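Secondary and tertiary structure notes
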Amino acid sequence: MEEKTGKGKVIVGVSPRAGVGATTTLLNFAYFSPPNMNTIYVDLDILNPGGTDLLELERERNILDYFKDNNTEYIYEVENFSVMPLYLRRAVDMEEYLMQERELSERILSQVEKLRESYDLIFVDTMPGYSYTTIKVWQRFDELIGICDYNVQSISSLLQVRDIFREWFNRGLERYFKGIIVIDTKSNKQVKEKIMREIFENTPIYEIPFTKEFQDSNIISKDDTFYKYSLKNVLKKLGISEEG
Ligand SMILES: Nc1ncnc2c1ncn2[C@@H]1O[C@H](COP(=O)(O)OP(=O)(O)O)[C@@H](O)[C@H]1O
Ligand SMILES: [Mg+2]
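Within every chain, residues take consecutive numbers counted from 1 along the sequence as written. The lettering of chains begins at A and the numbering of ligands begins at 1, in the order of writing. Only residues with pLDDT of at least 70 are given local features in this predicted model, and only at 80 or more are side-chain atom pairs given and counted; all residues enter the totals for whole chains, interfaces and linings. Heavy atoms from the whole structure form the basis of all side-chain values; hydrogens and water molecules are not counted.

All right, on to the overall build of the protein chain then. We count a stretch as a helix when DSSP gives it H or I for four or more residues in a row; a strand needs E for two or more, and each element gets its number in order from the N terminus. What the protein chain contains, in helices and strands, is nine helices and eight strands. Relative accessibility thresholds used throughout: buried, under 20% of the residue-type maximum; exposed, over 50%; partly exposed, between the two (1.4 Å probe, protein chains only). Relative to its full complement of 244 residues, the protein chain shows a buried share of 52%. Residues are treated as being in contact if the distance between any of their heavy atoms lies within 4.5 Å. For the protein chain, the share of sequence-separated contacts (at least 6 apart) that also reach a separation of at least 24 residues comes to 81%. To measure how exposed things are, a 1.4 Å probe is used in the Shrake-Rupley method; for residues, cover is taken only from the protein chains shown. Accessible surface for the protein chain amounts to roughly 11700 Å². Of this, 48% is attributable to carbon and sulfur atoms.

Here it is, written out as structure tokens:
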């Protein structure tokens, strides 16, 4: 068994595809998490560090430097939560990263483990369609949350998404998923629901609303009370609430 070094809870966002709203949802979870909790968003989307970009944080260092010196000076305060950004400077960094994937994953994970000492809630954003070896490493955290957006998924791409989840589940990952988040849609809702429910038989599906607020380059939803209410509700179902 892994020794847990601290009390913090790690919630990892996992998605088979890019552009499904993973980063946005995780950032808003961090924003709407209980004010008495010390919360951090960790950008580990190596391919496309959307959180780092959206928040316009430091882009000069690359992941390899970043994990070399174990340095907390890379943590930024944004709104009411902290952010650990990430940026890969050049394609060669990516190549270097992939060549040492297993070793680097281990280093990243111990880094995230260490955050448990100083934070109550740690939201981790990951690269879409993460390789099996890497996902396997995520198993040592508390919650794996699948994210999927019905709005951007045509039926055929939703079928692909379903098949990737199915593949992960067939490899024994199902029990690590605490839930799947879907962003509500107006089109083909019933068909889309049916497709996802086919595989998520034992995993709760949490629906969160589509909000126009993000169309005006907002990253955090501040005015949509239904969106806020829904996100807080999902957090509560994950055991994260003001009282606890
Ligand atoms: N609940 C939502 N309602 C409306 N638009 C959303 C919602 N969540 C995300 N989006 C939009 O979807 C797009 C992709 O979001 P992003 O978080 O970058 O996805 P990912 O991290 O999965 O690549 C962005 O334009 C974002 O504003
Ligand atoms: Mg993203």
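Pairing between strands is defined by DSSP: at least two bridges between them are needed. Read from one edge of the open sheet, eight strands run E3-E4-E2-E5-E1-E6-E7-E8, paired in mixed fashion. Two strands in the sheet have a free side with no partner beyond their single neighbour: strand E3 (76–78) and strand E8 (205–208). The mean inter-strand angle of the sheet, taken between neighbouring strand axes irrespective of direction, is 25 degrees. Both strand E6 (residues 143–149) and strand E7 (residues 177–183) contribute to a ladder of six bridges, which runs parallel. Looking across to E7, one finds that Ile-145 is bridged to Gly-179. The sheet strands contacting helix H8 (residues 189–199) are E6, E7 and E8, and the helix crosses E8 at an angle near 150 degrees. Working convention: axes come from line fits to C-alpha atoms, limited for helices to the stretch in contact. Angles between N-to-C directions cover 0 to 180 degrees.

The next subject is the site of ligand 1. Ligand 1 sits among 13 residues. The nearest are Gly-19, Ala-22, Thr-23, Thr-24 and Thr-211. At 2.9 Å from an oxygen atom of ligand 1 is found a main-chain nitrogen or oxygen belonging to Gly-21. Contact between ligand 1 and Thr-24: an oxygen atom at 2.5 Å from a side-chain N or O atom of the residue. When ligand 1 is considered free in solution it has 560 Å² of accessible area, and contact with the protein chains removes 76% of it. Each residue gets one label: Ala, Val, Leu, Ile, Met, Phe, Trp, Tyr, Cys and Pro are nonpolar, Asp, Glu, Lys and Arg are charged, and the others, such as Gly, are polar. Residue composition of the shell around ligand 1, grouped by class: eight nonpolar, five polar and no charged. Nearness is defined per residue: one heavy atom within 4 Å of the molecule or strand is enough. Here a polar contact means two N or O atoms within 3.5 Å. Within protein one must be a hydrogen donor candidate and the other an acceptor candidate, and residues neighboring in sequence count only if both atoms are side-chain atoms.

Turning our eyes to something else, we now look at helix H7 (residues 155–173). Ser-157, Leu-158, Val-161, Arg-162, Phe-165, Trp-168, Phe-169 and Leu-173 are the residues of H7 that are buried. Angularly, the buried residues of H7 cover 145 degrees about the axis, an arc narrow enough to put them on a single face. Each direction from the helix axis to a C-beta atom contributes to the arc, which is the arc of those directions.

Interpretation in functional terms is not warranted from these geometric data alone.
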